[in-house]
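Observations on the model geometry
Here are the chains, one letter per residue:
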Amino acid sequence: MTVSDHLVQYPSPGVHFLQFRGDTFTFTLHQLHPREGTAWLRTNIGHAEITRREVIREVIHAETPLARDWYDIPMQPAGEGRFQVTVPLRETGHFEAKCYFLPEGETTPEWPEGPNTALNVAPADTCCANILYNAFVRLFGPGKAGEGAPSPEEKKCVASLDAAQYTVIPESGTFRDMIGELDFIINTLGCRYIQLLPVHPTPTTYARMGRFGSPYAALNFREVDPALAEFDPGATPLDQFRELVDAIHARHGRVLMDIAINHTGWAASIHESHPEWLARTPDGHIERPGAWGVIWEDLTRLDYRHKGLWQYIADVFLTWCSRGADGFRCDAGYMIPLDAWRYIIATVRNQYPDTIFFLEGLGGKISVTRDLLNIAGMEWAYSELFQNYDRGQIEQYMPEAQAISRSDGLMIHYAETHDNNRLAARSHAYARMRTAFCALFSPNGGFGFANGVEWLATEKIDVHGAPSLNWGAEENQVADIRKLTALLTNHPAFHEGVELTMRQKGAGNGVVLLRHHAASGKKLLILINLADTHATRLTWDAPEMAGPAFTDLLTGETVQVETVWDGQSLELGPGRVFCLSDDPADLQYVRPVTGPPPRALTQRFQAKALDVFCHYNGVGNMDAFDPDAAVRQLSDDPEVFCRKLNPAGGVPEVILWDWPTDLRREVMVPPGFFLLLRTPRPFRARIVDGNRTVGQEEALPCKNGGWFILFPPLPAPSDHRPHTLKLRVYGKDGCESADAPLLYLSDPQSARVKQVFHRQELLRTPLLFLGTNGRGGMARAHVNWGHLASRYDALLGANLHPDFPEDRHIMLARCRGWVVYQGFSYEIGLDCLEEFRFDGTGAGFWQYHIPTGQGEDIRLTIGMEMIPDRNAVQILFFRHKNTNGENHLPDHQPVRLILRPDIEDRNFHSTTKAFAGPEQTWPGCIQQTETGFTFSP
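To start, this report covers the structure provided alongside it. From a predicted model like this one, the values you see are computed outputs, not experimental measurements. (Residues numbered from 1 in each chain as written. Predicted model: local features only at pLDDT ≥ 70, side-chain atom pairs only at ≥ 80, totals over all residues. Heavy atoms only, no water.)

Some remarks on the overall build of the protein chain
In terms of regular secondary structure, the protein chain is built from 16 helices and 55 strands. Sequence separation of 24 or more characterises 69% of the internal contacts of the protein chain that already satisfy a separation of 6 or more. Put simply, the protein chain shows about 41,000 Å² of open surface, and 51% of that area lies on carbon and sulfur atoms. Seen as two clouds, the 87 positive and the 114 negative side-chain charges of the protein chain have centres 2 Å apart. (Helix = DSSP H or I, 4+ residues; strand = E, 2+ residues; numbered from the N terminus. Contact = heavy atoms within 4.5 Å. Areas by Shrake-Rupley, 256 points an atom, 1.4 Å probe, with all protein chains shown as cover. Lys, Arg positive; Asp, Glu negative; His and termini not counted. Charge placed at Lys NZ, Arg CZ, Asp CG, Glu CD.)

So, in structure tokens, the structure goes:
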């Protein structure tokens, strides 16, 4: 590789950036000494599917990755010695790129010095308002308010049962209990993500820790704990889990599941199915994991040297994605090998590309966190800000945490987790201060807290028990949290593209943070006294904000700061927190909003508009993409938006699907066409090909009412291929779910019509054979010979008018048959049908394997076709010769064929007269010919 110090790249080589799907990114190459030649960007941006495929095939097939995802994009001249290119970021994942210059007449490129520029692209709607509520479903039962504690007599009784080795498990909170609190959690508190502690079954007898058992001791990663469900014959525990997911999605929330894949509970299903996956000590004992000097006796560690385990775990994640999970908290994720995570995430993203992987790496190395965010492709990681208590610790920790959030993935600032002591156990003032501190310091609104923080709960969350959440306490910080989450959702200084700088100086146990959103020019000054017992004077560098009077967005009060020779200063009372703005109009951002966060919604619109633009224009003409205009036009009318972008004569190339009318038909989607779904209510939809999800999206609102999803075109199949559209439509009365058939058509040049259908296909799918005579007559016969499903089924529906088509007349409804040998009869029907085929010219053939008794059989084919230009149908019965000998009735043994034609004389809109008694006249006759039987009116 030739490295030139005469080439300068912007952004500089080696720099990492965190971006969001729907963004665009510009690269510039500058020649310090201009020469003739061309410039190129070598990158894998836009080829995430190829990247994932190589990762997966390396694990499953031991294939060597060949970097097939890398390609070159031409850069355009942009002035003397300068070249530029803007690339669309349409996929989530980790990407790299670097510019190079190719001198005229030469074949060896010249590169600027330094490694590749890296881009981590996150899902579009994670650009802001990433507010998490960590919920332990068990705690939402009758004891959540601290009531119903066992009496001394009950405790004594339970203790005696424990001593006698009985299992005593109290009543638990349920999924439906939690559904009852979602309006409060999502709409009142303003949380977007519901992060569930594990919901899997846990040991209830042996190896049960505590009163309930630990949710982290999973017995089966694919199942839900029945203790978290009500006993309801109409809804299984899994059904009730899905009710919770639907209720969260109906409120525009997201579901993050906690799956601890590092270990299982004792006697888990894996112990029986794959004992080789258990990590063992040299003496053969199963290893028990631990951390911080504690060994968890109820857990068994998994051995990730086995790649079969990787595939199993990836399938576990896919299972929960199909059940509605939007992402996963990866408990002790740093203990899983990087290559295993890389494979698991690639496998999941192949079907669910916007799935969030949230690393719980507390106690692990920062270098491992950065590798998992970059190489493995995780989006978020736990921040340890909540474990830094004084100014010195925070000043030491924050720079690297901020750097990671700018370049690798968001560090989520938790005020409190289930692993830590309650903040309110120290004091209410301390809890309020630390909650506000973690929220106001969060990047892109990445803030979380455990259930009970809002109610100033003091009992630590013991995962083996069910402590009180202090639910409904009169003294609480519900209103305070609502203001914080409103700011994180609405104010530009908590969105993407914000620069965070620590500004405190001098003495005092407090911190000062300046948040600057360059695109809008908005600035906020965060002042926090970290001491909850005494006042602190804070001094900071003047942040170039109008002052000295500021508006505190948390209280609405005017705050007068002092000007000192080296900056500004203010004395803060114990645990006091200020969020200062120099624009009183910023108080509008404290007003809560319901529904999707506006900024996140705009980014989702932009991502969708970018997909449509690039479909029609490619990736090399991004200068023509106006994101603001595209968002407006897409919101106005998605179909018109596609029509305007299509260079082929303004044809929209969109197939419309409307709820609920199109549930009753199979909608065909030609190659290269978008599929536009429209409903009057919010909804989600998946497109499934067999067992594989090939598209999943959440609806966007239309400007003039209603909601839509615009699925991009799928690769054209080699044959017409059926898919299933799975919908969940949300309304005031709950969620409606439905499946609808789709048929994705193959390319016309390669389209083939399936002519042979075997028994397994025929048993799954009821088929009809349709023959015509070229003058309006038809034969409409079920492949299930002799079966009538409607009044229109007939072996002969004649068009009796000689000159033009009119309503058909049913003459022969069906012809049933029996094969008889030595008095043993067997009806010709579906149970002995082996195959159906048609020859493409109007003839159909039923092939049967018919028992004749005593373990023997014959092969019989029935052929049928209409005679051209006549109201007549010809039916052929053909007995095949013995070809294999075994169990086949010898050819010289004759069999009888008994036929019973159902002859009628009625308009095909009328019902059959088969049970109205004998007809007075015969409308036609059956004649035996040399080749079969012919029926004519």
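The rest of the description comes next.
Quick notes on the pattern of salt bridges
For the coordinates displayed, the defined rule picks out 58 salt bridges. The partner of Glu379 in a salt bridge is Arg349, and the shortest N-O contact between them spans 2.4 Å. With Glu379 in the loop between helix 9 (366-376) and strand 21 (380-382) and Arg349 in helix 8 (residues 338-351), the pair connects residues that are 30 residues apart, well separated along the chain. By relative accessible area, Glu379 is classed as buried at 5%. For Arg349, a relative accessible area of 3% translates into the label buried. Among the ionic pairs, Glu395 bridges to Arg391, the shortest N-O distance being 3.0 Å. Taken as a pair, Glu395 and Arg391 lie in helix 10 (residues 391-407) at a separation of four residues, close to a single helical turn. Its relative accessible area of 11% is what places Arg391 among the buried residues. Connected via shared salt-bridge partners are Asp125, Arg192, Arg254, Asp326, Arg604, Arg684 and Glu698. (Salt bridge = Lys/Arg side-chain N within 4 Å of Asp/Glu carboxyl O. Buried < 20%, exposed > 50% of the residue type's maximum accessible area, 1.4 Å probe, protein only.)

With respect to helix 9
Every buried residue belonging to helix 9 is among Thr369, Leu372, Leu373, Asn374 and Ala376, and all of these are buried. Directly after helix 9, the chain includes Gly377, whose backbone phi takes a positive value near 100°.

So, the packing of aromatic side chains
In the structure shown here, the tally under the stated rule is 34 aromatic pairs. Relative to Phe328, the ring of Phe317 lies with its centre 4.6 Å away and its plane at 65°, an arrangement referred to as edge-to-face. Placement of the pair is Phe317 in helix 7 (residues 307-322) and Phe328 in strand 19 (residues 327-330), with a sequence separation of 11 residues. With 5.0 Å between their ring centres and 5° between their planes, Tyr382 and Tyr414 make a pair best called stacked. Residue Tyr382 is found in strand 21, and its partner Tyr414 is found in strand 22 (residues 410-414); the two are separated by 32 residues along the sequence. (Phe/Tyr/Trp six-rings, centres within 6.5 Å; stacked < 30°, edge-to-face > 60°.)

Looking at the layout of surface pockets
Reported here for the second largest pocket is a volume of approximately 900 Å³. Around the second largest pocket, the lining is made up of 21 residues, and of these Leu743, Lys754, Phe757, Thr765 and Leu767 lie nearest the centre. Those elements giving two or more residues to the lining of the second largest pocket turn out to be strand 41 (721-731), helix 16 (759-764), strand 44 (768-772) and strand 49 (833-838). The element that contributes the greatest number of residues to the lining of the second largest pocket is strand 44, accounting for three residues. Of the residues in the lining of the second largest pocket, the class split is 11 nonpolar, three polar and seven charged. (1 Å grid on protein atoms, 1.4 Å probe; cavity = no way out; pocket = protein on both sides within 12 Å on 5 of 7 lines; lining within 4 Å. Points joined across faces, edges and corners; volume = space filled by probe spheres on them. Nonpolar A, V, L, I, M, F, W, Y, C, P; charged D, E, K, R; others polar.)

A look at the nonpolar core
By size, the foremost hydrophobic cluster in this structure holds 140 residues, and its most contacted members are Tyr133, Leu196 and Trp341. With 10 residues, helix 7 is the single largest residue contributor to this core. Ignoring sequence-local partners within four residues, the contact set of Leu196 consists of Ala135, Val137, Met178, Phe241, Leu244, Val255, Leu256, Met257 and Asp258. (Core = buried A, V, L, I, M, F, W, Y, C linked by side-chain atoms within 4.5 Å.)

Here we look at the pairing of strand 13 (residues 193-196)
Residues Tyr193 and Gln195 point to one face of strand 13 and Ile194 and Leu196 to the other, with burial holding for every one of them. Here strand 12 (residues 131-135) runs beside strand 13; their pairing, made up of four bridges, is parallel. Following the sheet pairing, Tyr133 is matched in strand 13 by Ile194. Bridge count for strand 13 against strand 14 (residues 254-259) is four bridges, and the pairing is parallel. Looking at strand 14, one finds that Ile194 is bridged to Val255. Handedness of the crossover is the feature at issue here: the chain leaves strand 13, passes through helix 5 (residues 237-250), returns alongside strand 14, and the resulting connection is right-handed. (Pairing = 2+ DSSP bridges. Right-handed = clockwise from strand over helix to strand, strands pointing away.)

As for the environment of Gln311
You can see Gln311 is positioned in helix 7. Aside from chain neighbours lying at most four places away, what touches Gln311 is Ile60 and Tyr343.

Regarding empty space enclosed by the protein
Applying the stated criterion across every chain, the model contains eight cavities of 30 Å³ or more. Forming the walls of the largest cavity are 18 residues, and the residues nearest its centre are Ile186, Gly190, Arg192, Val593 and Gly595. Of all the elements in the fold, those that place two or more residues in the lining of the largest cavity are helix 4 (182-188) and helix 12 (478-490). Per-element accounting of the lining of the largest cavity gives the leading share, four residues, to helix 12. Its residues placed into classes, the lining of the largest cavity shows seven nonpolar, eight polar and three charged.

Focus on the sheet that holds strand 25 (residues 504-505)
In space, the four strands of this open sheet follow the order 25-28-32-31, with antiparallel pairing throughout. Strands at the two margins of the open sheet, each flanked by one partner only, are strand 25 and strand 31 (562-564). Examined bridge by bridge, strand 31 and strand 32 (residues 567-572) share three bridges and lie antiparallel to one another. Residue pairing across strands places Val564 opposite Gly567, the latter belonging to strand 32.

Regarding the sheet that holds strand 41
Strand pairing in a sheet is mediated by backbone hydrogen bonds. Such pairs are either parallel or antiparallel. A sheet is described by the order of its strands in space; here five strands give the open sequence 35-42-41-37-38, paired in mixed fashion. The open sheet terminates on both sides in strands that have one partner only, identified here as strand 35 (667-669) and strand 38 (692-698). Neighbouring strand axes in the sheet, compared pairwise and without regard to direction, differ in orientation by 25° on average. In this sheet, strand 42 (residues 734-744) lies alongside strand 35 in parallel orientation, the contact comprising three bridges. Bridging across to strand 42, Val667 finds its partner in Leu742. (Axes fitted to C-alpha atoms, helices over the stretch in contact; angles between N-to-C directions.)

Quick notes on the pairing of strand 11 (residues 117-122)
Across a regular strand the side chains alternate sides, sitting on one face of the sheet and then on the other. Burial analysis of strand 11 places six of its six residues in the buried class, which makes it a mostly covered element. Burial of strand 11 is two-sided: the residues Thr117, Leu119 and Val121 facing one way and the residues Ala118, Asn120 and Ala122 facing the other way are all buried. Here strand 3 (residues 16-20) runs beside strand 11; their pairing, made up of five bridges, is parallel. Within the sheet, the bridge partner assigned to Phe17 lies in strand 11 and is Leu119. Taken together, the five bridges between strand 9 (residues 93-103) and strand 11 define a ladder with antiparallel strand orientation. Looking across to strand 11, one finds that Gly93 is bridged to Val121.

Observations concerning helix 11 (residues 428-440)
In this model, helix 11 (13 residues) spans 18 Å end to end at C-alpha, consistent with the 18 Å of a helix rising 1.5 Å per residue. Counting buried positions along helix 11 yields 10 of 13 residues, so the element is predominantly enclosed. Taken together, the buried positions of helix 11 are occupied by Tyr430, Ala431, Met433, Arg434, Thr435, Ala436, Phe437, Cys438, Ala439 and Leu440. (Expected span 1.5 Å × (residues − 1).)

Things to note about the environment of Thr435
Along the chain, the position of Thr435 falls in helix 11. In this structure the C-alpha to C-alpha distance between Thr435 and Ala415, which are 20 residues apart in sequence, comes to 5.0 Å. The residues touching Thr435, leaving out its near neighbours within four places in the chain, are Ala415, Leu423, Phe447, Val453, Gln477, Ile481 and Leu484.

Thoughts on the packing of helix 8 against helix 9
Packing of helix 8 against helix 9 brings their axes to within 9 Å, and their N-to-C directions diverge by 35°. Crossing of helix 8 against helix 9: the hand is right-handed. Residues Leu338, Trp341, Arg342 and Ile345 of helix 8 pack against Asp371, Leu372, Ile375 and Ala376 of helix 9. Of the residues assigned to the contact of helix 8 with helix 9, the class counts are six nonpolar, no polar and two charged. (Left-handed = near helix turned anticlockwise from the far one by under 90°.)

Notes on unusual backbone geometry
With an omega of -5°, the peptide bond running from Tyr10 to Pro11 counts as cis. The residue Pro11 is located in the loop between strand 2 (7-10) and strand 3 in this model. Its identity as a non-glycine residue notwithstanding, Ala62 has a phi of 55°, on the positive side. Locating Ala62 in the fold gives a position in the loop between helix 1 (48-61) and strand 6 (71-74). What makes Ala62 exposed here is its relative accessible area of 65%. For Ala129, which is not glycine, the phi torsion reads 55° and is therefore positive. Relative to the helices and strands, Ala129 resides in the loop between strand 11 and strand 12.

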